[in-house]
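A structural walkthrough
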Amino acid sequence: MDKCNSIFIPDKEKLAEAYEKRKPVLSAVLFGIENQLKSILKLASKPTYKSRVKSFPSYYKKILRVKPESMGKQDLPVITDLIGIRVICAFLEDIAEVEKQIVANFNIVEIERKGASRTFSEFGYESVHVLIKIPEKLTAASEVAAKIPDGLVCEIQIRTILQDAWAEVEHELVYKSEFSPFDLPLRRKLASMNASLTLADIIFQEIRDYQNKLNKEMDFRRSLFYEQADTLSRKEISESMKNENVPVFENRNSSLPYVHGTIDDMILEAIHAHNTGELEKAVGIYTMIITAQPQPNNIVLSVILKHRGMARFSQNKYKESLDDFLQSVEKDPKNFRSLYYIGIVYSIQGDDDKAIDYFSRSLEINEYQSHVYYRRALSKYRKCDFKAASDDLSKAQNLGLDNEDCKKLGEILSAKKELSM
């Protein structure tokens, strides 16, 4: 028997008819999986999604090339990427997290890491491809299940923005145009572009890691600042609290794992020193940045002055910290946190009129600050404006602030209200 005569070639017209017949249910299944993905994937940076049912010309071309096992066994032979979704992430770290969450929520058939074995001199896109079974809830209706081809899977591709950009360009230059770059200079150019995009992804991730470390240090330092400010104010609502109850700074680790030299490095070192109780060191570094030549721009100076003010506040140097916060607002009038901190210092110094004014100015810029409403409520309480204090306290609690200080102030305001009735 002639071997060539044993090759099965599908009838293109019948295949096209079967494709068009099943396309609506394929689209519906794809839509359902995409919605499920959007509901379960939780990332700090929101991903974007692309989905598609493979076009018939592309489908038929691949059928002839890969010859799937179901060829000739059903009217629409199944290929792994008949339906597909692309999840496009901002950072490299997101890829592993997306894969982890998909594995936890879907029935996995296969995971393939495209491009992982290539050397630096080769070109080609990188991507994680996850094949999943169609979720049972999407096939629960018998009329839907009957129209889904046997063995249908959905391919979910996970890439960064830059990986996706490279894949799209490569598809046009190499795959779609049936062009194969055998010329060595062209191959080198393509490899160079691929390497540049890969390096850019790595650099973006390094910057992201740096920002995450800086944000953690800043969040910790800010919480210490608020804790000290709250401690100094609690005597107004509880006589058992004393001004001497200032936070104890834990020296977690004074060694720094990063290179010195840039302003970012100096800021991170200063915030770390602040968080570990090395306040003089922190103030010294902030001062070096402020007095450096050439000076940073006003936005940066505003931030640094705010940080130095917080360090001086932790040293109980309220006059110096107030001067820093006021200068911070001069450099950037929209720095709502510095306006808030000015209000805190005035409040601690007993000047509630000025405190209320600066709290209000901060809220005019950002009205979603629960702590500012609470502190303005405390200042209004001191001025015996109990109704206005109650209104501000309610706003603070509506924004999610419901700590013990809020509850105590609320109890006092309720008692004042009862006495006035």
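Time to look at the overall build of the protein. Of the regular secondary structure elements, the protein holds 15 helices and 5 strands. Within the protein, the proportion of its 421 residues that are buried is 45%.

As a further point, take the packing of aromatic side chains. Within this structure, the stated rule accounts for 10 aromatic pairs. Members of the aromatic cluster, joined through ring pairs, are Tyr19, Phe56, Tyr59 and Tyr60.

A word on helix α7 (residues 263-275). Since one α-helical turn is 3.6 residues long, residues separated by three or four positions face the same way. Here α7 spans 18 Å end to end across 13 residues, near enough to the 18 Å set by a 1.5 Å rise per residue. In terms of burial, α7 is largely enclosed, as 11 of its 13 residues are buried. Turning to α7, its buried residues number three or more, namely Asp265, Met266, Ile267, Leu268, Glu269, Ala270, Ile271, His272, Ala273, His274 and Asn275. Phi for Gly277, located one or two positions after α7, is positive at around 85°.

On to the pattern of salt bridges, then. Taken as a whole and judged by the stated rule, the model has 23 salt bridges. Between Glu34 and Lys38 there is a salt bridge, with the nearest N and O atoms lying 3.2 Å from each other. Of this pair, Glu34 and Lys38 both sit in helix α1 (residues 12-40), separated by 4 residues, roughly a single helical turn. Taking the relative accessible area as the measure of exposure, Lys38 reaches 42% and is therefore partly exposed.

The next thing to look at is the sheet that holds strand β4 (residues 127-133). An order of β1-β2-β5-β4-β3 is seen for the 5 strands of this open sheet, with the pairing classed as mixed. Each end of this open sheet is capped by a strand with a single partner; those strands are β1 (48-53) and β3 (108-114). If you compare each strand with its neighbour and ignore which way they point, the axes differ by 15° on average. The sheet strands contacting α1 are β1, β2 (83-89), β4 and β5 (153-160), and the helix crosses β1 at an angle near 165°. The strands touched by helix α3 (residues 92-105) within the sheet are β2, β3, β4 and β5, with β5 carrying the most contacts at an inclination of about 160°.

The next thing to look at is the packing of α1 against helix α2 (residues 56-66). The N-to-C vectors of α1 and α2 enclose an angle of 130°; their axes lie 11 Å apart at closest approach. Considering the angle they form, α1 stands oblique to α2. The two elements α1 and α2 cross, and the hand of that crossing is right-handed. Contact with α1, carried on its side by Lys12, Leu15, Ala16 and Tyr19, involves Phe56, Tyr59 and Tyr60 of α2 and no other residues of that element. The residue inventory of the contact of α1 with α2, partitioned by class, reads 6 nonpolar, no polar and 1 charged.

Turning next to the packing of helix α13 (residues 370-382) against helix α14 (residues 386-398). Running from N to C, α13 and α14 cross one another at 165°; their axes reach a closest spacing of 8 Å. Comparing their axes, α14 and α13 come out roughly antiparallel. As α13 packs across α14, the resulting crossing turns out to be left-handed. From α13, Ser370, Tyr373, Tyr374, Arg376, Ala377, Lys380 and Tyr381 reach across to α14, where they touch Phe386, Ala388, Ala389, Asp392, Leu393, Lys395 and Ala396. Considering only residue class, the contact of α13 with α14 consists of 9 nonpolar, 1 polar and 4 charged.

Within the largest apolar cluster, 39 residues are counted, with the highest numbers of intra-cluster contacts made by Leu37, Tyr59, Ile83, Ile102 and Cys154. Apart from the residues within four sequence positions on either side, Ile102 is in contact with Leu37, Leu41, Ile108, Val130, Ile132, Ile156 and Ile158. Residues Ile342, Tyr346, Ala396 and Leu413 belong to the second largest nonpolar core, which totals 33 residues.

The next point concerns the environment of Lys23. Tracing the backbone shows Lys23 in helix α1. What makes Lys23 partly exposed here is its relative accessible area of 32%. Linking Lys23 and Ser55, residues 32 residues apart in sequence, is a C-alpha distance of 9.7 Å.

For Asn316, which is not glycine, the phi dihedral falls at a positive 65°. Using a relative accessible area of 40% as the deciding quantity, one classes Asn316 as partly exposed. One non-glycine residue, Cys384, lies in the positive phi region at around 65°. Structurally, Cys384 can be placed in the loop between α13 and α14.

For the protein, per-residue confidence averages 81 on the pLDDT scale, and 81% of positions sit at 70 or higher. Put simply, helix α4 (residues 142-145) is where the protein has its lowest mean pLDDT, 64, and helix α12 (residues 352-365) is where it has its highest, 96. Note on residues 1-6: pLDDT is under 50 here. Beyond four places in sequence and across chains, it has 1 contact. Contacts from residues 239-260, a stretch scored under 50 in pLDDT, to residues over four places away or in other chains number 40 contacts.

How each quantity is defined
Residues numbered from 1 in each chain as written. Predicted model: local features only at pLDDT ≥ 70, side-chain atom pairs only at ≥ 80, totals over all residues. Heavy atoms only, no water. Helix = DSSP H or I, 4+ residues; strand = E, 2+ residues; numbered from the N terminus. Buried < 20%, exposed > 50% of the residue type's maximum accessible area, 1.4 Å probe, protein only. Phe/Tyr/Trp six-rings, centres within 6.5 Å; stacked < 30°, edge-to-face > 60°. Expected span 1.5 Å × (residues − 1). Salt bridge = Lys/Arg side-chain N within 4 Å of Asp/Glu carboxyl O. Pairing = 2+ DSSP bridges. Axes fitted to C-alpha atoms, helices over the stretch in contact; angles between N-to-C directions. Contact = heavy atoms within 4.5 Å. Parallel < 35°, antiparallel > 145°, perpendicular 65-115°, else oblique. Left-handed = near helix turned anticlockwise from the far one by under 90°. Nonpolar A, V, L, I, M, F, W, Y, C, P; charged D, E, K, R; others polar. Core = buried A, V, L, I, M, F, W, Y, C linked by side-chain atoms within 4.5 Å. pLDDT = per-residue confidence, 0-100.

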